Structure formats: structure tokens, C-alpha cells
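Breakdown of the fold
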Amino acid sequence: MTAATATRLSATDSAPKTKARNRQRWASSRTYISAAIIVLWCLLPAYWMMVTAFRDVGYTFDATPFFTHVTMDNFVTAFSTDLGNHFGRALLNSLIIGIVSTVIALVVGVFAAYALARLNFRGKFLVLGFILGASMFPGVALVTPLFQLFTDLSWIGTYQALIIPDISFVLPLTVYTLTSFFREMPWELEEAARIDGCTQGQAFRKVIMPLAAPAVFTTAILAFISAWNEYLIASQLSNDATQTVTVAIASFAGAQPHQEPYTTVMAAGTIVTIPLVIMVLVFQRKIVAGLTAGAVK
Amino acid sequence: MLGTTAIFTLATVGGAMVLGLFVAIALNLNVKGRGFARSAVFAPYVLSGVGVGLVWLFIFDPVYGVLSWILRSVGTSSPQWINDPKLALWMVIIVYVWKNLGYCAVIYLAGLQSMPKDLMEAAALDGAGNFRRFVSVTLPLLSPTTFFILITSLLSSLQAFDIIRIMTPTGNGTSTLIFEAYLQAFSTYNRAGYSAAISVVLFVLLLVVTGLQLRFVERKVHYS
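Cut-offs applied
Residues numbered from 1 in each chain as written. Chains lettered and ligands numbered in written order. Predicted model: local features only at pLDDT ≥ 70, side-chain atom pairs only at ≥ 80, totals over all residues. Heavy atoms only, no water. Patch = residues over 30% accessible without salt bridge, like charges linked within 9 Å, V, L, I, M, F, W, Y side chains within 5 Å. Areas by Shrake-Rupley, 256 points an atom, 1.4 Å probe, with all protein chains shown as cover. Salt bridge = Lys/Arg side-chain N within 4 Å of Asp/Glu carboxyl O. Helix = DSSP H or I, 4+ residues; strand = E, 2+ residues; numbered from the N terminus. Buried < 20%, exposed > 50% of the residue type's maximum accessible area, 1.4 Å probe, protein only. 1 Å grid on protein atoms, 1.4 Å probe; cavity = no way out; pocket = protein on both sides within 12 Å on 5 of 7 lines; lining within 4 Å. Points joined across faces, edges and corners; volume = space filled by probe spheres on them. Phe/Tyr/Trp six-rings, centres within 6.5 Å; stacked < 30°, edge-to-face > 60°. Contact = heavy atoms within 4.5 Å. Buried area = accessible area lost by both parts, 1.4 Å probe. Polar contact = N/O pair within 3.5 Å; in protein donor to acceptor, adjacent residues only side chain to side chain. Nonpolar A, V, L, I, M, F, W, Y, C, P; charged D, E, K, R; others polar.

1. Structural notes on a nonpolar patch on the surface
On the surface, a nonpolar cluster with roughly 650 Å² of combined accessible area is contributed by A:Leu95, A:Ile99, A:Val100, A:Val103, A:Ile104, A:Val107, A:Val108 and A:Phe111. Among the secondary structure elements, A:Phe111 is positioned in helix 4 (residues 87-118).

If you want it as C-alpha cells, here you go:
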């Protein structure tokens, strides 16, 4: 509503100019205020997380809204293997699992999406339907059978036990996003390359891939984020050696026994979320483009 | 279980979409720091549910939380967010609305920005007021966007798990279909068959929603 007020056209304004200007100023300051409140509402939990993360454990429940009793101890505790926290290891695990899942899903996804967007073959709609259907399947129902299977294979505590289920939900996401991107590419260029004597494979490698690079990059970000945040499967199919960050945070031990280790958890939470927040700040446009691919016009 | 799922899904999807639309309208203006505001609003959407759940749990804590501190300083005591099953459900809904608001906002914003400006101007010249322009021009033009957000939000909120698991580990008042399936299989009940049955119901529900999307997405309303 405020949007419309601010862009109010002078043609519709019969009031004197100063009055109109005052009203416009009031409208724009109202917009500023409401925007500021929204931004605050979105950022406050993250801010509070950081305040608590840097606060001395003895002042955990101090509600002072500024940085007080600043210390790095919580970060030390988070990484302390003496207390049974495997956070450093978990960060490495999450990176490995996230990157491997993303790369595999992208390699398969690029070809699948190319076929779905560009080639005509029987049952194309069915394939797309199955891919979407697979991504709909509730993960909860998969965990028990997977656990039995991976126990039989003695895979519990290996990376593939987490990477393979991750691919099952990252892959539909990449195929779907990339297909939407590929549908909107200028295919005349590929045809031109074919006329100039390229094979279909050459045209794909030399013309389509460079054009698709931004889309592939965007999809990679989305895929990595969803693999990085995965919790359900990781919580059941990992052990101490392969536990991911989400699992590690949920099962933290603090410096003080018998006390919920809020400060440590917030320190670990800061480490896990800050890279994602930076990623959003840098690549926001690309991420949104990926989310809206094929959606908004 | 179905009732809880219905309340949870309707409240999270509806809340995030309505708030998201208004945020998008505010962000669509030429204000300074718009890029930053957009990123700030969008950031919660990509954060891990586990981390988000833990922070909010700390904020909602009825004794030590910031929220209880704020409520105490205005003279009321904090409600029992975690122990009261009704409030626990709304606590989780608030957090999910917070998390998904940015998603709805940025996609609505993309929709607003691809909207032809001349229609707005024409409506203004015809003497339509702010509210009238919003209802008669903006909303209809945004209907494909609204449909897309509705479907994707329905799918994601039917599968919402992490935050519920972290904030209410025992499912006290928050046993939506997916979380009940989890509790039946992995907590003390140990009823894998029942859990699988719930999962099948959920799967069918999700397929119906996806089917709706595939059926209607090709012939969505266009005004160009």
C-alpha cells in the first residue's frame, strides 16, 4: 500500500504542491520505518546468536542486548575434542559431503536437463514427473530401510552413506532448476554451430556449456546449501567420524556439565551460518534467479 | 495429527505469503539500502533449520529467553511456550513464518519488477486509488507468482522437519504428519509400520499438490 502512496502520480493530486510534497515525504519515511522494522525482525535472531556466541558462559542468561563480557572461549569449547565435541571434524565432513553431492548432482543434472529441455523423446513428461515425485518422497520413510541396508553393507560411518541419500534430493532440485534455465536459452546458437559443422556433442561443449555456466553456478549454490543444511538423514546414518555440522550442533556438550550449552551452541551456529549469510549477500541475485527459474514469466 | 498439520500448513504458508507480499511491496520502492534489506530479509531462508531452531529456542525460553525478558520489562510474565502444546505449535509456526518470509518476499519482488508499469499508470490516470490499484491491478497481475509460491510453500511446509524436531523434540502439540512419522519410527514407540503408513499418506498428499502444479503451471494466467 505504501508503495502505491509513494509513487502516487501528481496528475491525481488536486491538493497544493507543498501539501503533496509533505505527504510524499511522510509516505517515504513511513516506508523507511516499516522496511527498517522488517529488516530488524529478520536480523535480530542472527544478531542475538552472535551476542551470545561471544559472551562469557557465566553470563549466558544476561539479557543485555549489546556485546558484553566478550570472549572467544565459546569457540574454543566448540572445537574442543576433550569435551567430546567433534566440530572441526564435522565442518570438514559437511564440506566434503556437500561438495561431492553437488558435483555429482550437477554432472548428472546438466545432461538430464539438456535432454529434458532440448531433445524430444518418448515419455519425457513421465521422466520429469518421476524426478519431481522422487523429490516429494518423505525422507522419514527412507531412513529406516537405508539404515538396515547400510548396516548390512557396513557403510555406517562412511561418506557414501550420507552422500548417496543426499544426491537423491539434491539431484531432482538440480535437474528441475537447470531444465527451467535451459528452456530459456537461445537455441538458435546451437543450430548455427551445427550448420557450421559441429557435431551435437561439440555444439553442446563449445556453445551451450559456456552459455549455461551462470545457471550451473546458481544451481550449484542451491544444491550445496540444501546438502549443507540436511539434518534428518545425517542424524540417523552418521557416526562420530562422519557426523555433519547440523548433527554436531544439535548434540553439543558445553564447558559446564548439567547446563544447556547455549553459548557454545551459538558459537558453533555462528560459524555454520555466517558463510551462508555471506553467500546470500554476495550471490543474492543469482540465488533468487535460480529459485524463480521458470516461475515468474 | 491431520488437524495439527492443517493448522501448521495453513498458518505458515498464509502468514509467510501475506507478510512476504507486503515486504516485497516495501522493497520494491526506491529506498536507500534496498539491496542490503533484500539480502537481510532473504538470509533466514537459507540458514540451517537446526541452527535457527536452537536460536529461537533460546529466545523463547520462558525463564531465560530474551522474549521473556522483554515481556517482564513491560510487566507481564512469559507464556509457557514449550510446555503448553497449543503455544508450542504457534511458536514453531512463528519461526517458520520468519524463515520463509524472505523466500516469499524475493519471489514476489521478482514478480513486481516484471510487471508492466504502464498498467499501473493507466489505472492511476483513470482515478483508481492506492487500495483499488492494489486489488484490481497488482494482485491479478501477480497471480502466476502467487500460484508458484503457494505450491512451493505448501510442499516445503508439508515436509518441514528440522525446526520442529529441534524446538519440540517430543512432538508436544506439534506432531504434524511428517514429525509424527518420525516420532513413531524413532522415539520410544518403535512402530516402523505405522510410521511408513503415515509417510505414504503424506506422499500421496504431496503428489496431489505437485500434480496441481504440473496441471496448471502450463496454462497460468498471463497478461502480457
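2. Thoughts on the pattern of salt bridges
All names here are of chain A. Applying the stated criterion to the full structure yields 2 salt bridges over all chains. Across the salt bridge formed by Arg118 and Glu191, the nearest N and O atoms sit 3.3 Å from each other. Of the two residues, Arg118 is situated in helix 4 and Glu191 in helix 8 (residues 188-195); the sequence distance between them amounts to 73 residues. Given a relative accessible area of 41%, Glu191 falls into the partly exposed group. Salt bridges here are not isolated pairs; linked through shared partners, they connect Arg118, Glu190 and Glu191.

3. Remarks on empty space enclosed by the protein
Residues and elements named next belong to chain A. Enumeration according to the criterion identifies 3 cavities of 30 Å³ or more in this entry. The computed volume of the largest cavity comes to approximately 70 Å³. In this structure, the largest cavity is lined by Ser94, Ile97, Gly98, Leu162, Asp166, Ala227, Trp228, Glu230, Ile233, Ala234 and Thr244. Elements represented by at least two residues in the lining of the largest cavity include exactly helix 4, helix 7 (160-183), helix 9 (200-229) and helix 10 (232-237). It is helix 4 that contributes the most residues to the lining of the largest cavity, 3 residues altogether.

4. Quick notes on the packing of aromatic side chains
Scanning the model with the defined rule gives 25 aromatic pairs over all chains in all. Ring geometry for A:Phe217 and A:Phe283: centres 5.1 Å apart, planes at 75°, overall edge-to-face. Taken together, the residues span a long stretch of sequence, with A:Phe217 in helix 9 and A:Phe283 in helix 12 (residues 262-292) at a distance of 66 residues. One aromatic cluster is present, built from ring pairs that chain together A:Trp41, B:Trp56, B:Phe60, B:Trp81 and B:Trp98.

5. Describing the interface of chain A and chain B
In this assembly, 64 residues from chain A lie in contact with 72 residues from chain B. Around 6,300 Å² of area is buried between chain A and chain B when both sides are counted, 77% of it from carbon and sulfur atoms. Summed over the shared surface of chain A and chain B, the result is 0 salt bridges. At the boundary of chain A with chain B, the tally comes to 4 residue pairs in polar contact (both at pLDDT 80 or more). Those elements that provide at least two residues to the side of chain A that touches chain B are helix 1 (2-6), helix 2 (17-53), helix 5 (124-136), helix 6 (139-152), helix 9, helix 10, helix 11 (245-250) and helix 12 of chain A. Here the element with the most residues in the side of chain A that touches chain B is helix 12 of chain A; it accounts for 14 residues. Partitioning the side of chain A that touches chain B into residue classes produces 44 nonpolar, 17 polar and 3 charged.

6. With respect to the environment of A:Phe61
Note that A:Phe61 resides in the loop between helix 2 and helix 3 (73-79). Measuring from C-alpha to C-alpha, the distance between A:Phe61 and A:Ile38 comes to 26 Å, with 23 residues separating the pair along the chain.

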